[in-house]
Amino acid sequence: MVSLLRLRRQRDIFRFLMSVDNLSFPEAVRWVAEKYSIALPVFVARPEESDKDRQQILDATQATEAFYQNVLRAEPEAQEARRYLQQRGLREEVIEKFGIGYAPSGGGRLIGYLTEQGFAAELLEKAGLAKKSELGKGYYDSFRRRIIFPIKDVRGKTLAFGGRVMDDGVPKYLNSPETVIYSKSRHLFGLCFAREAIREQNHAILVEGYLDCIIPFQEGVRNIVASLGTSLTQGQVRLLGRYTKNVVVNYDPDTAGVNAMRRSLELFLEEGFRVNVLRLPDGLDPDAFVRRSGAQEYRRSMKQCEPYLEFIADEALKDAGAGARSRLNAVNAVLPILAKVPDRVERLEFVSRISSG
Ligand code: UTP
Ligand code: MN
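No experiment lies behind these values; they were computed from the predicted model shown.

(A) Spatial organisation of the pairing of strand E9 (residues 246-249). Neither face of E9 is exposed, since Asn246 and Val248 on one face and Val247 and Val249 on the opposite face are all buried. Sheet topology places E9 next to strand E10 (residues 274-277); 4 bridges connect them, and they run parallel. By the bridge assignment for E10, Val248 is matched with Asn276.

So this is what it looks like as structure tokens:
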């Protein structure tokens, strides 16, 4: 009989399934066992207590998505939200496809709906959908008066949400916290819709924001995913690496972008990617650019994007200014990245480029 301990030691495949397919350890073990027709001892085959929690949280999250979608479609309160989405150029079919919804005001609508369906309030808190009120014993909805963007895993299961205000309120986006089903650093927004195109084209576009992904997608750019903020993680890079090793990073030119970009380039290099960098003109993000100039123009600019080495060298030189001493600083600044360039010739080219300015 296979002992649980021994299974745990041979963890690579399990860890892979856990991170990539978002399975718990016992689920991953069961998956492998089923696939290879291995009989499992009952204590592994039986769902654990925490597993049940997980399943319920998943169920509550799917129900939540449907609830927010219905509110967006049908309720008078959501009229402003429907208008907002229209103004931002989203059409019906893409709203449906991405499961976009609206979280109503009132503070207890979602909890009311879900508890009626048998989900306990404590569970909803664990799912990041409800919060304990600080005064009394009650709970209130985490998302109120926000446009809701579901965050899904590669298989299309909804794990979390991002909610946008429709005015200048802060935070602009409120995101689900880390939960037993969701870890921000292990998912890419839009991947479940983009993965086929990414595989077919052997190429992915990485952007920052929800709408930077949705708007180009709507206009036919299907190989696009968003990291949701600037700090890309190794988990996200590896996830993408399942589908392609070619990526164009198209982050906002205005944000704290350059440092974040450097870090993400390092990550991509470590995972053996070929990386290009696209900086759009006039400080536009992909959403704004595509709405202004169209998808065709976006694709065209993709062809003119810079290899990452040029981007890094340019930035380093820009920071360093003139003179030999500054050149040295520039070289120092890019050493960590240089160390990760896999190809020796490329490495030398990089150094000579910077040192000769
Ligand atoms: P941006 O501030 O660039 O916003 O944040 P955006 O994507 O252009 O948003 P729109 O177009 O005004 O709607 C980029 C991404 O960073 C995350 C979101 O994923 C956002 O899409 N973010 C930003 C947050 O999670 N919270 C925030 O308060 C702001
Ligand atoms: Mn934007």
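(B) Region of the structure containing the domain arrangement of the protein chain. Structurally, the protein chain comprises domain 1 (47-182), domain 2 (191-265 + 278-304) and domain 3 (312-356). Taken over C-alpha atoms, the centre of domain 2 sits 26 Å from the centre of domain 3. Taken together, the contact pairs 4 residues of domain 2 with 6 residues of domain 3. Put simply, domain 2 and domain 3 have 0 salt bridges between them. Across the domain 2-domain 3 interface, the total number found is 0 residue pairs in polar contact (both at pLDDT 80 or more).

(C) Spatial organisation of the site of ligand 1. Taken together, 16 residues lie near ligand 1, and Arg88, Arg164, Lys172, Tyr173 and Asn175 sit nearest. Protein burial of ligand 1: of its 570 Å² of free accessible surface, 77% is covered by the chains. Of all elements in the fold, only strand E6 (173-175) and helix H11 (210-218) reach the threshold of two or more residues within the shell around ligand 1. Broken down by element, the shell around ligand 1 gets its largest block of residues, 3 residues, from H11. Residue composition of the shell around ligand 1, grouped by class: 5 nonpolar, 3 polar and 8 charged. Counting contributing residues per domain, the shell around ligand 1 is built from domain 1 (47-182) and domain 2 (191-265 + 278-304), each supplying no fewer than three.

About the cut-offs
Within each chain, residue numbers correspond to sequence positions counted from 1 in written order. Lettering of chains starts at A and numbering of ligands starts at 1, both following the order in which they are written. Only residues with pLDDT of at least 70 are given local features in this predicted model, and only at 80 or more are side-chain atom pairs given and counted; all residues enter the totals for whole chains, interfaces and linings. Each side-chain value is derived from all of the structure's non-hydrogen atoms; neither hydrogens nor water enter the calculation. With a 1.4 Å probe rolled over the protein chains alone, any residue whose accessible area is under 20% of its type maximum counts as buried; one over 50% counts as exposed, and the rest are partly exposed. In this description a helix means any DSSP run of H or I spanning at least four residues, a strand means any run of E spanning at least two, and both kinds are numbered starting from the N terminus. Only strands that DSSP links by at least two bridges are regarded as paired with each other. Domain delimitation follows an automatic or database domain assignment. Contacts: residue pairs with any heavy atoms within 4.5 Å of one another. Every case where a carboxyl oxygen of Asp or Glu lies within 4 Å of a side-chain nitrogen of Lys or Arg is listed as a salt bridge. As used in this structure description, the phrase polar contact means that two N or O atoms lie within 3.5 Å; if the pair is within protein, one of them must be able to donate a hydrogen and the other to accept it, and residues adjacent in sequence are counted only when both atoms belong to side chains. Near residues are defined by distance, with any heavy atom within 4 Å of the molecule or strand qualifying the residue. All accessibility values rest on the Shrake-Rupley procedure with a 1.4 Å probe; residue burial counts only the protein chains present in the view. Under the scheme applied here, ten amino acids are nonpolar (Ala, Val, Leu, Ile, Met, Phe, Trp, Tyr, Cys and Pro), four are charged (Asp, Glu, Lys and Arg), and all others, including Gly, are polar.

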